[in-house]
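# Commentary on secondary and tertiary structure
Okay, here's what each chain looks like letter by letter:
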Amino acid sequence: MTFATSARALLLLFCLLPLPLAAQEQAEGDHVKVTWLVPERFGPQPETIGLHFEVDPHWHVYWLNPGDSGAEPRFDFSGNATVGPPQWPAPTRLPVAHLTNLGYEGSVAYLFEVTPAQGAQQVELSVDLEWLVCEEECIPGFATMSLNRPLGESGQWRPETLQRRDAAAARVPKPGAGSGWTLGAAHVDEGSLSLDASGSGQAPPQLYPKDGAFVSPAEPRVERSGDGWRFRFATQAGMQAPDALGFVLVEGDESWDFDGIATLSGAVAAVPDGGAQGAVALGWLLALAFAGGVILNLMPCVFPVLAIKLFSLIGMPGGTGLQSRLREGLLYTAGVLATFAALGGVFLALRAGGAAVGWGFQLQSPVVVLLLVLLFWTMALAFLGVFELGHGLTRLAGKGGGGSFATGVLAVFVAAPCTGPFMGAALGASATLPAQQAMAIFLGLGAGLAAPFLLLAATPALVERLPKPGPWMDTLRQLLAFPLLATVLWLLWVLGRLGGEGRWLLGGIALLSLSFALWLLRSRRRGLRWTAVVLAVATLGFAVRDADRLSAPATAVATASAWQAYDRARIDAARAVGQAVFIDYTAAWCITCQVNKAVVLDTEETLRLFDDHDVLRVRADWTRYDPAITAALAELGRNSVPVYVFYPANGGAERVLPQILGRGDIRDLFPADSTGDSS
């Protein structure tokens, strides 16, 4: 073999050897070139890097939900840094014959957050890539790319690389809570899925399902709905709906990510358009909210607080004019409306984030319940004149601008456990209406709660009919302390239902400490009075800190022969074999619920009727937040308790009973000619 021949053989052998790692910072395949988007030097803080796919014209790669065909790219990282999940850019629809794919035509970058290892001198990464690039035919690609960069005190980018990385980051959807759009629950019915998007856009946005196994990627049918849009997607045949779905909403060059959208069975209820019909429907809901607010004044959880304001009117000097009384009424109304607006804002913010909440949701918090226990205990002691402040607390709440406003705030919080007639439909609608209309429902309820006192304060003829001040006021004030003490016992029971016996004990210790602090406050010695203040503050601090630490007990359910815990599968199974079902949606903090149980549901007559007709009795306990019960309430168009639903034997539409039950309501479920097991 000549030297020239040997040299040519060695050169050929060298060309066949693998390239060193430094040459593996890019990869090429048919119609695709992949390169890193990384800094020249990493800093110690997390950094967003990218893999840029340069795709030939008319070819495309895929999103995390690739659609009817295709496959999303896969990234398997290894090395000495932590790499987060892919940050998928918002996709577009790519029709291919009769199919719809979701992905990107042309170049795109997939981003990742990288956190360098502590103490490392450099960042070393390797990634195994798989992708599919398609036009009408599809070509798979595979590659391994590596990366080695120094680690310094701060990151350093090439300007053109950083610009491309930032342009890619702008295509990644942001959290949906800051979008100005709200997605309602997804209703699944006979091969389709419908959901409403409420927002201020004049044109409908694009909506892309993240779950390709259940929702079709094809363009949905879009129609106007109120001040938003209704999207109707086809669903994949034979697939069961998941409990929740995710969507990406795209409007212009911006996009947002929505996760945790609950799926409900049954067609979505018709929503009136923005014309006269919609205005009439909203007006009717506002009237229901106002009426419900007025009736709340008669509930036992509200009346003792309103008595404070009544005493303030009675105790006003005889020469007090209409202007002063009207000022009291307006400030009280402002406190009520401001608190309802705040609760409504929290409700809407949680709803926008994909959570499902309802009226009274604040009482699902042990901290809020414990603070109310301490407040009612202090008020009861003040009403009884036990501590030296005498009636100072009632004067604080009853007179002066801040006191009138504070009484309005307090009235809303103590009204939360009560649900009267007319409230259920109005509050249920607030779960699906656009944000402005839902807020109007909350304010309408507040206006109804404040209206009686405002009317009394603004009407001299009514004020003149009030009894004159006298010793009877002290007697009545002391008498009203006992409903407050009863409320304390009830709230302690609620606290126990939220967290077991440990929270009973925590509540008792807090009451003991607060009572001792109030006793010390009677002293004329300055040191003891300061000790009382410190003890009261410490009691509040420790109580709030520990209230959420105690674990919740298992859901309490009546005996197996009576009420069963909520189980959707068991309910569906009973209905499938023709068994009647009665569901009591309840909560320990709902006074109306407890009254209905004692007076109607747990009576011997009602239980015998249920036994005679083989009714499955279900108690859906919403004392603590339960997503399954929340979704079931939303399916009924409600977001508050109590709700009572009866499903007749052998099929038929459900019957929703009144929120305030009578025994006749239960008897009417079973006509005289029906036959039960022991008729």
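Residues numbered from 1 in each chain as written. Predicted model: local features only at pLDDT ≥ 70, side-chain atom pairs only at ≥ 80, totals over all residues. Heavy atoms only, no water.

### Some remarks on the sheet that holds strand β23 (residues 616-621)
Here we have 5 strands laid out as an open sheet, ordered β21-β23-β22-β24-β25, and mixed in their pairing. Whereas interior strands pair on both sides, the edge strands pair on one side only; in this sheet they are β21 (563-565) and β25 (655-656). Where β21 meets β23, 3 bridges bridge the pair, whose relative direction is parallel. Its bridge partner being in β23, Ala565 is matched across the sheet by Arg619. (Pairing = 2+ DSSP bridges. Helix = DSSP H or I, 4+ residues; strand = E, 2+ residues; numbered from the N terminus.)

### As for unusual backbone geometry
Backbone geometry at His31 places phi at a positive 70°, although glycine is not the residue there. Of note, His31 is situated in the loop between β1 (26-29) and β2 (32-37).

### So, the UniProt feature "transmembrane region" (unreviewed entry) in the protein
The UniProt record annotates "transmembrane region" (unreviewed entry) at residues 282-308, 329-350, 370-393, 405-427, 439-458, 479-496 and 502-521. The span residues 439-458 shows a helical share of 100% and a strand share of 0%, and its end C-alpha atoms are spaced 26 Å apart. Spanning residues 479-496, this segment combines 100% helix with 0% strand, and its end C-alpha atoms are found 27 Å apart. (UniProt positions renumbered as here; feature names shortened; annotations may be inferred.)

### With respect to the sheet that holds strand β3 (residues 47-55)
Pairing in this open sheet of 5 strands is antiparallel, and the strands run β1-β2-β3-β9-β6 from one edge to the other. Pairing within the sheet leaves two strands with one partner each, and these edge strands are β1 and β6 (81-83). Across the sheet, the mean angle separating the axes of adjacent strands is 25° when strand polarity is ignored. Both β6 and strand β9 (residues 108-116) contribute to a ladder of 3 bridges, which runs antiparallel. (Axes fitted to C-alpha atoms, helices over the stretch in contact; angles between N-to-C directions.)

### Quick word on the pattern of salt bridges
Think of it this way: side chains of opposite charge can pair up when their charged atoms draw near. Overall, the coordinates contain 16 salt bridges when judged by the stated rule. Note that Lys174 and Glu254 form a salt bridge whose closest N and O atoms lie 3.7 Å from each other. With Lys174 in strand β12 (residues 174-175) and Glu254 in strand β20 (residues 254-265), this pair connects stretches of sequence that are 80 residues apart. You can call Glu254 partly exposed: its relative accessible area is 40%. In this structure, a network of salt bridges that share partners links the residues Glu47, Arg165 and Asp166. (Salt bridge = Lys/Arg side-chain N within 4 Å of Asp/Glu carboxyl O. Buried < 20%, exposed > 50% of the residue type's maximum accessible area, 1.4 Å probe, protein only.)

### Let's talk about the nonpolar core
The nonpolar side chains of a soluble globular protein tend to be buried, and buried together. Residues Leu449, Tyr566, Val581, Ile583, Tyr585, Trp589 and Val641 are the most contacted members of the largest nonpolar core, which totals 73 residues. Tallying contributions element by element places helix α6 (residues 366-384) first for this core, with 10 residues. Counting only domains with at least three residues in this core, you end up with domain 3 (279-372 + 386-470) and domain 4 (564-668). Apart from residues no more than four positions distant in its own chain, Tyr566 is found in contact with Ile571, Tyr585, Val618, Arg619, Ala620, Ala628, Ile629 and Ala632. Grouped together as the second largest cluster of nonpolar side chains are 37 residues, Val133, Ala143, Leu151 and Val250 included. (Core = buried A, V, L, I, M, F, W, Y, C linked by side-chain atoms within 4.5 Å. Domains from an automatic or database assignment. Contact = heavy atoms within 4.5 Å.)

### Concerning the state of the cysteines
For the coordinates displayed, the defined rule picks out 1 disulfide. Residue pairing for Cys134: its cysteine sulfur links by disulfide to Cys138, the two sulfurs lying 2.0 Å apart. Judged by the sign of its S-S torsion, about 115°, the cystine formed by Cys134 and Cys138 is right-handed. You can call Cys134 buried: its relative accessible area is 1%. (Disulfide = S-S within 2.5 Å.)

### Digging into the packing of aromatic side chains
Evaluation of the coordinates by the stated rule reveals 18 aromatic pairs. Ring centres of Phe75 and Phe112 lie 5.0 Å apart, and the angle between their planes is 75°; this geometry places the pair in the edge-to-face category. A residue pair is termed long-range when its members are at least 10 positions apart, and Phe75 in strand β5 (residues 74-79) and Phe112 in strand β9 qualify at 37 residues. Ring geometry for Tyr332 and Phe453: centres 5.2 Å apart, planes at 70°, overall edge-to-face. Here Tyr332 is found in helix α5 (residues 322-352), whereas its partner Phe453 is found in helix α10 (residues 435-458), with 121 residues between them in sequence. (Phe/Tyr/Trp six-rings, centres within 6.5 Å; stacked < 30°, edge-to-face > 60°.)

### A word on a negative patch on the surface
The grouping of Glu105, Glu135, Glu136 and Glu137 at the surface amounts to a negative patch. Tracing the chain through its elements places Glu105 in strand β8 (residues 99-105). (Patch = residues over 30% accessible without salt bridge, like charges linked within 9 Å, V, L, I, M, F, W, Y side chains within 5 Å. Areas by Shrake-Rupley, 256 points an atom, 1.4 Å probe, with all protein chains shown as cover. Lys, Arg positive; Asp, Glu negative; His and termini not counted. Charge placed at Lys NZ, Arg CZ, Asp CG, Glu CD.)

### Details of the confidence of the model for the protein
Predicted coordinates in areas of low pLDDT are best not read in detail. On average, residues of the protein score 78 in pLDDT, and 79% of them reach the 70 mark or higher. The weakest mean pLDDT in the protein belongs to helix α1 (residues 3-16) at 42; the strongest belongs to β3 at 96. For the stretch residues 1-23, pLDDT sits under 50, and the model shows 3 contacts to residues farther than four places along the chain or on other chains. Long-range and interchain partners of residues 673-679, a stretch whose pLDDT sits below 50, account for 9 contacts in this model, where long-range means more than four residues apart. (pLDDT = per-residue confidence, 0-100.)

### A look at the environment of Gly238
Its location among the elements puts Gly238 in the loop between β18 (228-234) and β19 (244-251). C-alpha of Gly238 to C-alpha of Gly191: the two residues are 47 residues apart in sequence and 9.0 Å apart in space.

### With respect to the pairing of β9
Two faces belong to every sheet, and in a regular strand the side chains alternate between them. Of all the 9 residues making up β9, 7 are buried; the element is thus mostly covered by neighbouring parts of the structure. Where β3 meets β9, 7 bridges bridge the pair, whose relative direction is antiparallel. Bridge assignment links His52 to a residue of β9, and that residue is Ala109.

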